[in-house]
Every structure is written in structure tokens, then in C-alpha cells.
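Results of the structural survey
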Amino acid sequence: MKKHNFSAGPSILPAIAMENAAKAVLDFDGIGLSILEISHRSKEFEAVIEEATALFKELLNIPDGYQVLFLGGGASTQFFHVPYNLLEKKAGYVNTGVWAKKALKEAANFGEVVTVASSEDKNFTYIPKGFAIPSDLDYLHITTNNTIYGTEYHTDIDSPVTLVADMSSDIFSRPVDVSKYGLIYGGAQKNIGPAGVTFVVVKEDILGKVSRPLPSMVDYRNHIKNGSMFNTPPVFPIFVIRETLRWLKSIGGVEAMYKINKEKAAILYDEIDNNPLFKGTAVKEDRSLMNVCFVMNDGYEELAAEFLPFAQERGMVGIKGHRLVGGFRASIYNAMPKESVQALVDCMKEFAKLHKK
């Protein structure tokens, strides 16, 4: 039976990226060595990281003055790297869920942190809008896509201060005006690669402004000077990023991907809105294109425990909702084919027929 991988992360990757990665594990580029054992200083790997960096810049239309880094530690490490490098007096955070909260908590160790806006009052089911951004902030931090609650920013906000964004789960899924951001970071394991590598896109002129001494591994400038190889980088995950970005370029880049993502999301949200058994949890205008969250409709709550094994028997993997919100979550990242989304919709239709009142 074909499996349809809706896992929230680590998550689905393009088939061609996995095939090339599997080959490289046995013999990388015909050199007789595995990608798992080559030196990060070898000319073969230097070519990989250079191409991955160049593709990152090309596909996101990154302006001059920005650098792309591939680091270890996950996005959670960036929760303190960011304030370490940027927070001198006061930072602002928009609280849209669990990961935004965790980032805020880490930043509070380095200076004054204010919650500029929050959607906690309605269990993070919407994206705050129309709020004032204090001009005395060192930076404003947002989380562009909220995997647990299924909400997403659909436009790049205008900020009078340096804008920092955690884009772990929607990077390369839609066009982004990078010039509006001072720093963008994220874990790779949603849209661009396996777990184990973190990307950072940083505008160089925002660095070096804090008075505190920085540990060498925390200082972005050291990683920039050394081309992401201040220490041994995550070699294999960076290779898979290169393969994934090659695939993304081959299908037409971010604009083409955005069109596909909107089509996939529309197929699933339309079913949720029209199937009597289900309902969405996020407000419609802020629904995520990456993480579709839904629950059983009023009067059908008792069927929740039955639907999960029903879907699993039909090849649906990873659709159980996060423990904090329950229900169901279908993560439909870039590599998720439209056929798999349709398979989930067909499964929902079949379930509804069996339980029609």
C-alpha cells in the first residue's frame, strides 16, 4: 500500500532528493567514498555547500548584503543566538504559538522583551494584525507559520525596526521579500532537508552592534567569515538541501511552488468546509498552506478515535493533531504531491458516507 506522509517534521522530501542521497551514501559523485565520510574541507563537499548557498540566494531572490549560513543546533538554538547577537536593550515578539513563546522565553535572558501582539486569547487560531510596533526595539520577532495551530502570515509585514523571522515550516513555500527582514532562520526538516541543519539568512550590517562579548560559536560573523565551516558543518543534511533546492528550481522555483501549494491547500480546506463530519480550527484568512489543522464537527466528536485508524488503514501517515490541540493535522509541505492530498480527501469522503446521519 502506498503511504502518504503528512508528518509535521521530519517530513516528506522530494523523491529525487532521497534517491540521490541514497546513492551518495554508498558512493558520492563517483569518488569511491560515502557522503557520510568525506571531509568537509574536500573540494567535493566545498562544491556542494557553495551550490546550496547559491541556490538559496537565487530561489529566494536574496539581495546583496545578506549571507546564507548552514549551522547545527536546530531552530531552537537560534532562539538564543538571535538575542545574543541583536538584543542590546529591548526586543519585541509576536506570540502566535508554542514556538514563538519558546523564542520569547530565551530572549528574556538577554534583556527586556515585550509581547507586541498575541493571539493566545483565542488559542492561537489567528494571526494578530494592526498592532503598533514600538520604534525603540532592537528587533521584532515573528514566527511566520505555526505548525501546531495551523496559522500563517501570508504577506511580509512592514516593520520600522529590524524584522527577524522563524521560517522553519514555510521557507520556499511562497515568495518572500527578504529585504524586509534583517534575519530569517529555521530548521530544515520541514521543507528543505532532513533534521540536523539550520539555515540562517542574515543582513551583515545588523551585526556587531551589541556590547556583550559573544562566544565564538554564537557569533554569526565567525560563521560568515568561514563560509559556514567555522566548525564541522552537518555535511549530509546540507547535501540533501542542495538536492531539494535543485528539485525546486527544476519545477519552476518558488513562484511555481506557491501556485501548487495554494492548489493543494484549497483541495483539502474545501473538503473540510463541505464535509459534515469535519471543521477547521484556524480562522479562514490566516489558514496555513503548510499545516492544515481540523477536528470533528459539532455532534460528531465521538468519531475522532475511529477516524485516525480508518485513515491509517488507507495509507495516511502522521495526521494525528498535536497533543496540545488534538484533532488532526495534515502537513502538506512542498514535497507533498497533490495526489496524496486527494487521497486524504477521498478518505474523508468515504468516512463521511459511512457515518451519514
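Residues numbered from 1 in each chain as written. Predicted model: local features only at pLDDT ≥ 70, side-chain atom pairs only at ≥ 80, totals over all residues. Heavy atoms only, no water.

A short note on the environment of Leu-277
Examined against the element boundaries, Leu-277 turns out to sit in the loop between helix 7 (253–274) and strand 11 (278–280). Between the alpha carbons of Leu-277 and His-223 there is a distance of 51 Å; along the sequence they are 54 residues apart. Setting aside residues no more than four positions away along its own chain, Leu-277 makes contact with Val-295, Met-296, Asn-297, Tyr-300, Leu-303, Phe-351, Ala-352 and His-355. (Helix = DSSP H or I, 4+ residues; strand = E, 2+ residues; numbered from the N terminus. Contact = heavy atoms within 4.5 Å.)

Observations regarding the sheet that holds strand 5 (residues 139–143)
The strand order 2-10-9-8-5-3-4 describes an open sheet built from seven strands, whose pairing is mixed. Edge positions in the sheet fall to strand 2 (66–71) and strand 4 (112–118), since each of these pairs with one other strand and no more. Between one strand axis and the next, the sheet turns by 15° as a mean value, whatever way the strands run. Its contacts with the sheet put helix 3 (residues 74–86) on strand 2, strand 3 (90–95), strand 5, strand 8 (163–166), strand 9 (183–187) and strand 10 (198–203), and the angle it makes with strand 9 is roughly 155°. (Pairing = 2+ DSSP bridges. Axes fitted to C-alpha atoms, helices over the stretch in contact; angles between N-to-C directions.)

A word on unusual backbone geometry
In this chain, Gly-9 is followed by Pro-10 through a cis amide linkage whose omega measures -5°. Mapped onto the fold, Pro-10 is located in the loop between strand 1 (4–5) and helix 1 (15–26). Positive phi, normally seen in glycine, also occurs at Asp-29, with a value near 60°. Residue Phe-124 is not a glycine yet carries a positive backbone phi of 60°. Within the secondary structure, Phe-124 is located in the loop between strand 4 and strand 5.

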